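# Structural overview for review
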Amino acid sequence: NAAALEDLVVPPVQISYTQHLIDGKFVDAASGKTFPTYDPRTGEVIAHVAEGDAEDINRAVAAARKAFDEGPWPKMTPYERSRILLRFADLVEKHSEELAALETWNNGKPHEQAAKSELPMLVRLFHYYAGWADKIHGLTVPADGPHHIQTLHEPIGVAGQIIPWNFPLLMFAWKVGPALACGNTIVLKTAEQTPLTALYVAKLFLEAGLPPGVLNVVSGYGPTAGAPLASHMDVDKVAFTGSTDTGKVVLELAARSNLKPVTLELGGKSPFIVCEDADVDKAVELAHFALFFNQGQCCCAGSRTYVHERVYDEFLEKAKARALRRVVGDPFKKGVEQGPQIDSEQFEKVLRYIRAGKESKASLECGGDRFGTKGYFIQPTVFSNVTDDMLIAQDEIFGPVQSILKFKDLDDVIRRANTTRYGLAAGVFTRNIDTANTLTRALRAGTVWVNCFDVFDAAIPFGGYKMSGIGREKGIYSLHNYLQVKAVVTPLKNP
Ligand code: ADP
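Residues numbered from 1 in each chain as written. Predicted model: local features only at pLDDT ≥ 70, side-chain atom pairs only at ≥ 80, totals over all residues.

As a structural note, the neighbourhood of the ligand is formed by 17 residues, with Gly222, Gly226, Gly242, Ser243 and Thr246 the closest of them. Listed by contribution, the elements that provide at least two residues to the shell around the ligand are α7 (222–230) and α8 (244–256). With 5 residues, α7 is the single largest residue contributor to the shell around the ligand. Among the residues forming the shell around the ligand, the class breakdown is 10 nonpolar, 5 polar and 2 charged. (Near = placed C-beta within 6 Å. Helix = DSSP H or I, 4+ residues; strand = E, 2+ residues; numbered from the N terminus. Nonpolar A, V, L, I, M, F, W, Y, C, P; charged D, E, K, R; others polar.)

What follows is the structure, given as structure tokens:
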């Protein structure tokens, strides 16, 4: 399954933007500092990027504040805002090739995935939010007294947004799309691992006619740039995607500063349940995809594969064969399914979990080590005989490590699937409608995919139960995160 790691493809794109975007201009960090960003295929530095800290965040927030308070953004007509979002989507489409290449270069994800799935999705998300911009309105409300009551749905103000590295462009869109459609201004902090594509698209926003200060993008590390944003007194809302531990920090910073409302999209340990009536070949393929997609670096990864005891042996043999067939290699090469993990920290963390699996009573079926000798590649790994109490069944590994667990009946699997601090997603594979209905209602998760997995659409809400988060992104629900409701009460007759 090895596509050679020699002769790595030279990425067909230049790195043009490495400074912060503040108030419509690309600028160095106030401190003058930069930090390196890497090619995960080799661990080599590909660019030095402005390193933001509290002072850069202050400047970006001041620009966003001014753009919000003095306009023109919130004062433009919704149709004018919609037109800018549409123009931006067109520019993204025009620059899709460079963007997909840059995304793969900085993140390591298969180029075909970036080019054929993520870039079209990015365009689609902005078309979707452009469609909302002129359809956001309040209600007239009947009440007991002689009053006319209306609600105004107003933008919240300056939104602070902190995003992760696993889907840099899509996470940009999930955050920026609804905030702009509702008329907010933004300070976005990208993940330190993947600062490049957000800067590129931020430039396209300027070309599309977005006024200066409406979208500001600061690169930098979490504690030095993310934390000052989450605790800023002039930021009116914060949205975060990342680990559960960091999400708790962000919520606390928001609470301790100005009680800004917070949305969080956090970790997961999603069950993928293969029922006894399942077509095993199809179930194997889908369970494989649910876990290994994007190098296993998905918050919603189906990372606990529960298989009914009647089909367990057959499933296991085929799941192992499928993992052994998985093509690992240079993500720029055609046909490669799996590139490197994002960085040395994640690479080491995944290998630590693999070691914990080997030391437990689980059986290592295949993989279990790094792939090749350079970069951050890991062999597709499958453990069987996994039990719920094991570390690999409890923690979010965020890598290409499938854990297969056996179950007896629906009550057993429902109880076990729900025994987790997370509740982001779940997968159900069955041909029986009663089984599907029972499971979809019983599973405590923000998304349940039945006979499919990782189906994302701009209109489908996404978010977590329990410690997987607060609030929903995408769909109509995402607008609520960026709106205030003002009740206006007027007597029907002047007193
Ligand atoms: P991961 O472990 O996957 O890197 P994190 O939750 O640490 O996930 O990171 C997600 C985002 O949160 C990144 O943009 C990161 O820089 C940011 N971040 C990390 N620590 C903090 C913090 N203390 N305050 C605010 N943002 C943070």
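In this section: the packing of α7 against α8. Helix-helix packing is described using two parameters, namely the angle between the two axes and the distance between the axes. Where α7 meets α8, the closest approach of the two axes is 8 Å, and the angle between their N-to-C directions is 40 degrees. Taken together, the axes of α7 and α8 are oblique relative to one another. The hand of the α7/α8 crossing is right-handed. Across the interface between the two elements, Gly222, Ala227 and Ala230 from α7 touch Thr246, Val250, Leu253 and Ala254 from α8. In terms of residue class, the contact of α7 with α8 is built from 5 nonpolar, 2 polar and no charged. (Axes fitted to C-alpha atoms, helices over the stretch in contact; angles between N-to-C directions. Parallel < 35°, antiparallel > 145°, perpendicular 65-115°, else oblique. Left-handed = near helix turned anticlockwise from the far one by under 90°. Contact = placed C-beta atoms within 7 Å.)

Locating Glu348 in the fold gives a position in helix α11 (residues 344–359). Residue class for Glu348 comes out exposed when judged on the 11 C-beta atoms lying within 10 Å of it. Distance in space between the C-alpha atoms of Glu348 and Ala181 is 40 Å, their sequence separation being 167 residues. (Buried ≥ 20, exposed ≤ 12 C-beta atoms within 10 Å, placed from the backbone.)

As annotated in UniProt, the feature "active site" (unreviewed entry) corresponds to Glu265 in the numbering used here. Assignment of secondary structure puts Glu265 in strand β10 (residues 262–265). Classification of Glu265 by C-beta neighbours within 10 Å gives buried; the count is 28. Excluding residues within four positions of it along the chain, Glu265 makes contact with Thr241, Cys299, Gly463, Gly464, Gly469 and Glu473. (UniProt positions renumbered as here; feature names shortened; annotations may be inferred.)

What follows covers the UniProt feature "domain: Aldehyde dehydrogenase" (unreviewed entry) in the protein. The residues that UniProt annotates with the feature "domain: Aldehyde dehydrogenase" (unreviewed entry) are residues 26–488. Annotated as 40% helix and 19% strand, the span residues 26–488 places its first and last C-alpha atoms 41 Å apart.

Here the focus is the nonpolar core. Within the largest apolar cluster, 140 residues are counted, with the highest numbers of intra-cluster contacts made by Leu85, Phe126, Tyr129, Val187, Ile273 and Val274. Per-element accounting of this core gives the leading share, 10 residues, to helix α4 (residues 111–133). Excluding residues within four positions of it along the chain, Phe126 makes contact with Leu85, Phe88, Ala89, Val92, Ala173 and Gly177. (Core = buried A, V, L, I, M, F, W, Y, C linked by C-beta atoms within 7 Å.)

It is worth spelling out helix α3 (residues 96–107) at this point. Relative to the 16 Å expected for 12 residues at 1.5 Å per residue, α3 spans 16 Å between its end C-alpha atoms, a close match to the ideal helical length. In terms of residue burial, α3 counts as a mostly covered element, since 9 of its 12 residues are buried. Those residues of α3 that sit buried are Leu99, Ala100, Ala101, Leu102, Glu103, Thr104, Trp105, Asn106 and Asn107. Contacts made by the buried residues of α3 are with β3 (34–39), β4 (44–50), α2 (78–94), α4, α5 (168–181) and α6 (196–207). Gly108 sits one or two positions beyond α3 and adopts a positive phi of about 90 degrees. (Expected span 1.5 Å × (residues − 1).)

Now for unusual backbone geometry. Between Gly71 and the following residue, Pro72, the backbone shows a cis peptide bond with an omega angle of 10 degrees. Position of Pro72 among the secondary structure elements: in the loop between α1 (54–69) and α2. Residues other than glycine seldom take positive phi values, yet Gln295 does so here, at roughly 60 degrees. Turning to its location among the elements, Gln295 is positioned in the loop between α9 (280–292) and β12 (304–308). Backbone geometry at Lys466 places phi at a positive 50 degrees, although glycine is not the residue there. The residue Lys466 is located in the loop between β17 (447–450) and β18 (469–470) in this model.

In any sheet, the strands associate via hydrogen bonds between backbone groups, in a parallel or an antiparallel arrangement. Strand order in this open sheet of 7 strands is β13-β14-β15-β12-β11-β16-β17, and the pairing throughout is mixed. One side of each edge strand has no neighbouring strand; the edge strands of this open sheet are β13 (363–366) and β17. The mean angle between the axes of side-by-side strands here comes to 25 degrees, regardless of whether they run parallel or antiparallel. Pairing analysis gives 3 bridges linking β13 to strand β14 (residues 381–384), with the strands arranged antiparallel. From the neighbouring strand, Cys366 faces β14, where its bridge partner is Val382. Across the face of the sheet, α9 comes into contact with β11 (271–274), β12, β15 (401–407) and β16 (425–429) while running at roughly 175 degrees to β11. (Pairing = 2+ DSSP bridges.)

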